[in-house]
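Each chain, written out:
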Amino acid sequence: MMFPVSQALARFLMISLLSLGLVGCATQVDRVDRDTPGDLSGRWNDTDSRLVSEEMIDDMVSRGWIQRHQGRTGSNPTVIIGDVRNLSHEHINVNTFVRDIERELLNSGEVTFVAGGVERDAIRSEREDQRGNVREETRSLPGREIGADYVLTGTINTIMDTEGRTEVAYYQVDLALTSLADNTRVWVGQKEIRKIIRRGLFRS
């Protein structure tokens, strides 16, 4: 048996349904602390980049090569970051990882860090531009750069294993510190991350 629905009640129900639909479609943003781990896809993310850089640089500066350099020269070693390559199967923002490494190197207080690559070229271009455009007493002259003693290079590799809706993502980060004077390796570090990813029944 059907009961008549008043026009006011029908309007109320319609507005309620529309409101629920709008709430369900709205974007929700939660702001979290940078130290809060976050894994949505199971792929390499900012947490991995930060934790790997912290652990590897901690290991690097705790080794004896720094003391040997200081004993030989009387000063802290100067380090430049060279080529860090992504050899994995997925897109990884290597620049973010390099920035994390730079921060950890500087914060360690054990080494002098100098800019390289594109940044160094931009600084040299600015220095050249100052020649005819700024007062002589405020110019930064060429030929005063600090030469690096060591270059840090590395790679990021991955291995993926899949069975049904379960994936194992294996990341291996290798970094090496090499003397520019004689090409000898003074430190080699490796960090491994293994993630087990269990996909839901419905996946995009």
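All chains use their own residue numbering, which begins from 1 and follows the written sequence. Selection of residues for local features in this predicted model requires a pLDDT of at least 70, selection of side-chain atom pairs for listing and counting requires 80 or more, and totals for whole chains, interfaces and linings are taken over all residues. The basis for every side-chain value is the complete set of heavy atoms in the structure, and neither hydrogens nor water enter the calculation.

Participant: Report on the pattern of salt bridges, specifying residues and quantitative values.
Facilitator: Salt bridge criterion: a side-chain nitrogen from Lys or Arg within 4 Å of a carboxyl oxygen from Asp or Glu. Applying the stated rule across the entire model yields 12 salt bridges. For the salt bridge of Arg-103 with Asp-100, the shortest nitrogen-to-oxygen distance reads 2.8 Å. Of this pair, Arg-103 and Asp-100 both sit in helix H4 (residues 94-108), 3 residues apart, which is roughly one turn of the helix. Note on classification: 1.4 Å probe, protein chains only; a residue is buried when its accessible area is under 20% of the maximum for its type, exposed when over 50%, partly exposed between these limits. Taking relative accessible area as the criterion, Arg-103 reaches 27% and is therefore assigned partly exposed. Measuring nitrogen to oxygen at the nearest pair gives 2.9 Å for the salt bridge that ties Arg-124 to Glu-145. Counting from the N terminus, the helices are the DSSP runs of H or I reaching at least four residues and the strands are the DSSP runs of E reaching at least two.

Participant: Please set out the packing of helix H2 (residues 46-61) against H4 residue by residue, giving values where relevant.
Facilitator: Axis definition: a line fitted to C-alpha atoms, over the contacting stretch in the case of helices. Angles run 0 to 180 degrees between N-to-C directions. Between H2 and H4, whose axes approach to 9 Å, the crossing angle comes to 40 degrees. If you check the angle between H2 and H4, you find them oblique. Helix-helix and strand crossings are classified by hand; for H2 and H4 the assignment is right-handed. Of H4, the residues touching H2 (which contributes Ser-49, Arg-50, Val-52, Ser-53, Glu-54, Ile-57, Met-60 and Val-61) are Thr-96, Phe-97, Asp-100, Ile-101, Arg-103, Glu-104, Leu-105 and Ser-108. Should an angle fall under 35 degrees it is taken as roughly parallel, and over 145 as roughly antiparallel, whereas 65 to 115 is taken as roughly perpendicular and any remaining angle as oblique. The sense of a crossing depends on the near helix, which, turned anticlockwise from the far helix by less than a right angle, makes the crossing left-handed and, turned clockwise, makes it right-handed. We call two residues in contact whenever any of their non-hydrogen atoms come within 4.5 Å of each other.

Participant: Lay out unusual backbone geometry with the relevant residues and their values.
Facilitator: Positive phi, close to 65 degrees, is recorded for Asn-183, a residue that is not glycine. Structurally, Asn-183 can be placed in the loop between strand S4 (166-179) and strand S5 (185-198).

Participant: I'd like a description of the nonpolar core, backed by residues and values.
Facilitator: In this description, a nonpolar core means a group of buried Ala, Val, Leu, Ile, Met, Phe, Trp, Tyr and Cys residues linked to one another through side-chain atoms lying within 4.5 Å. In this structure, Trp-65 and Leu-105 are the most contacted members of the largest nonpolar core, which totals 30 residues. Contributions of two or more residues to this core are made by H2, helix H3 (65-73), strand S1 (78-86), H4, strand S3 (150-163), S4 and S5. With residues near it in sequence (within four places) discarded, Leu-105 still touches Ile-57, Met-60, Val-79, Ile-81, Val-111 and Phe-113.

Participant: Before we move on, can you summarise the confidence of the model for the protein chain with the specific residues and values?
Facilitator: In this model, the protein chain carries a mean pLDDT of 81, and residues with pLDDT of at least 70 account for 78%. Confidence, expressed as mean pLDDT per element, reaches its minimum in the protein chain at helix H1 (residues 7-25) with 63 and its maximum at H3 with 94. Per-residue confidence from the predictor is reported as pLDDT, a score between 0 and 100.

Participant: Summarise the packing of aromatic side chains; cite the residues concerned and give the values.
Facilitator: Aromatic pairs are defined between Phe, Tyr and Trp rings, using the six-membered ring for Trp, whenever the two ring centres lie within 6.5 Å; interplanar angles under 30 degrees are classed as stacked, those over 60 as edge-to-face, and all others as tilted. Within this structure, the stated rule accounts for 1 aromatic pair. Taking the centre distance of 5.2 Å and the plane angle of 70 degrees together, the rings of Trp-65 and Tyr-150 count as edge-to-face. A residue pair is termed long-range when its members are at least 10 positions apart, and Trp-65 in helix H3 and Tyr-150 in strand S3 qualify at 85 residues. For the pair Trp-65 and Tyr-150, one class covers both residues: buried.

Participant: An account of the side chain of Thr-158 is needed here, citing residue identities and associated values.
Facilitator: One can find Thr-158 in strand S3. A 3.5 Å cut-off defines polar contacts: any pair of N or O atoms within that distance qualifies, except that in protein one atom must be a possible hydrogen donor and the other a possible acceptor, and neighbouring residues in sequence count only when both atoms are side-chain atoms. There is a polar contact of 2.6 Å between the side chain of Thr-158 and the side chain of His-89. With residues near it in sequence (within four places) discarded, Thr-158 still touches Ser-88, His-89, Tyr-170 and Tyr-171.

Participant: Can you explain H3? Please cite residues and give values.
Facilitator: Among all positions in H3, only Trp-65, Ile-66 and His-69 are buried. The arc that holds every buried residue of H3, seen down its axis, measures 100 degrees, which confines them to one face. Within H3, the exposed residues directed more than 90 degrees away from the buried face are Arg-68 and Gly-71. Phi turns positive one or two residues past the end of H3, at Gly-74, with a value near 80 degrees. Our arc is simply the arc of the directions from the helix axis toward the C-beta atoms.

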